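Overview (structure and organization)
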Amino acid sequence: MTSKTRSTTIRRYGGPVGGWGSAKSVGAIIAREHVPLKAPRLLSIQNKSEGYICVSCACAKPAQSHPLEFCESGAKATAREITSRRADPAFFEKHTLSDLERWPDHDLEEQGRLTHPMRWDAISDKYLPVAWAEGGVAIEIAEMPEQRIFASACVGIPVRSSE
């Protein structure tokens, strides 16, 4: 596996839910995703009557909301969705699906968002880019799981379908 792995330490948190600990954690995610200008702008309208519903939990939009009223998980999910990192065709050229299936989910997520519709090729065991027009048609006509195509709206790295 060529992905970066990091050790994780889990410690008991005795502080209040939300508050400065949450703000610090959200700030760290925003910095890591390289979206310091875009994220605060989006978070200011997340779960607001004039905005959009949280991408993580679909929390209801309150009638009277406050500017910083959103959950930590939702803020982190939004930051990950708008990350500047991209998983482009060059990434998939370097890795077979069999290799990617052994990566931890977190490491796959860290590669970024898809930039092109991709189709798995059984012979090479790699995802290959397809034309946008072909992608839209293939999604509708795919009958077998291995014929499915994954377009740029997908989150994370596509995997071989086993349905």
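This section reports on the structure supplied with the text. (Residues numbered from 1 in each chain as written. Predicted model: local features only at pLDDT ≥ 70, side-chain atom pairs only at ≥ 80, totals over all residues. Heavy atoms only, no water.)

1. Points about the overall build of the protein chain
Along the backbone of the protein chain there are 7 helices and 5 strands. Split into buried and exposed, the 163 residues of the protein chain put 31% on the buried side. For the protein chain, contacts bridging at least 24 residues in sequence account for 60% of all contacts bridging at least 6. When the accessible area of the protein chain is evaluated, it comes to approximately 10,500 Å², of which 58% is carbon and sulfur surface. (Helix = DSSP H or I, 4+ residues; strand = E, 2+ residues; numbered from the N terminus. Buried < 20%, exposed > 50% of the residue type's maximum accessible area, 1.4 Å probe, protein only. Contact = heavy atoms within 4.5 Å. Areas by Shrake-Rupley, 256 points an atom, 1.4 Å probe, with all protein chains shown as cover.)

2. Structural notes on the pairing of strand β3 (residues 118–121)
The side chains of a regular strand alternate, first on one face of the sheet and then on the other. Residue alternation in β3 divides its side chains into a buried set, M118 and W120, and an unburied set, R119 and D121. As consecutive antiparallel partners, β3 and strand β4 (residues 126–129) are separated by 4 residues, and within that stretch D125 has a phi angle of approximately 60 degrees, a positive value. (Pairing = 2+ DSSP bridges.)

3. Looking at the pattern of salt bridges
For the structure on display, the rule yields 9 salt bridges. Residues R32 and E110 are paired through a salt bridge, measuring 3.4 Å at the closest nitrogen-oxygen approach. Of the two residues, R32 sits in helix α1 (residues 19–32) while E110 sits in the loop between α6 (105–109) and β2 (113–114), which places them 78 residues apart along the sequence. Among the ionic contacts, a cluster of salt bridges with common partners joins R32, E33, R85 and E110. (Salt bridge = Lys/Arg side-chain N within 4 Å of Asp/Glu carboxyl O.)

4. Notes on unusual backbone geometry
Notably, N47 is not glycine yet its phi reads approximately 60 degrees, a positive angle. What makes N47 buried here is its relative accessible area of 3%.

5. Looking at the side chain of E33
Following the sequence through the fold, E33 ends up in the loop between α1 and α2 (38–43). Judged by its relative accessible area of 1%, E33 is buried. Ignoring sequence-local partners within four residues, the contact set of E33 consists of A79, R80, T83, S84, R85 and E110.

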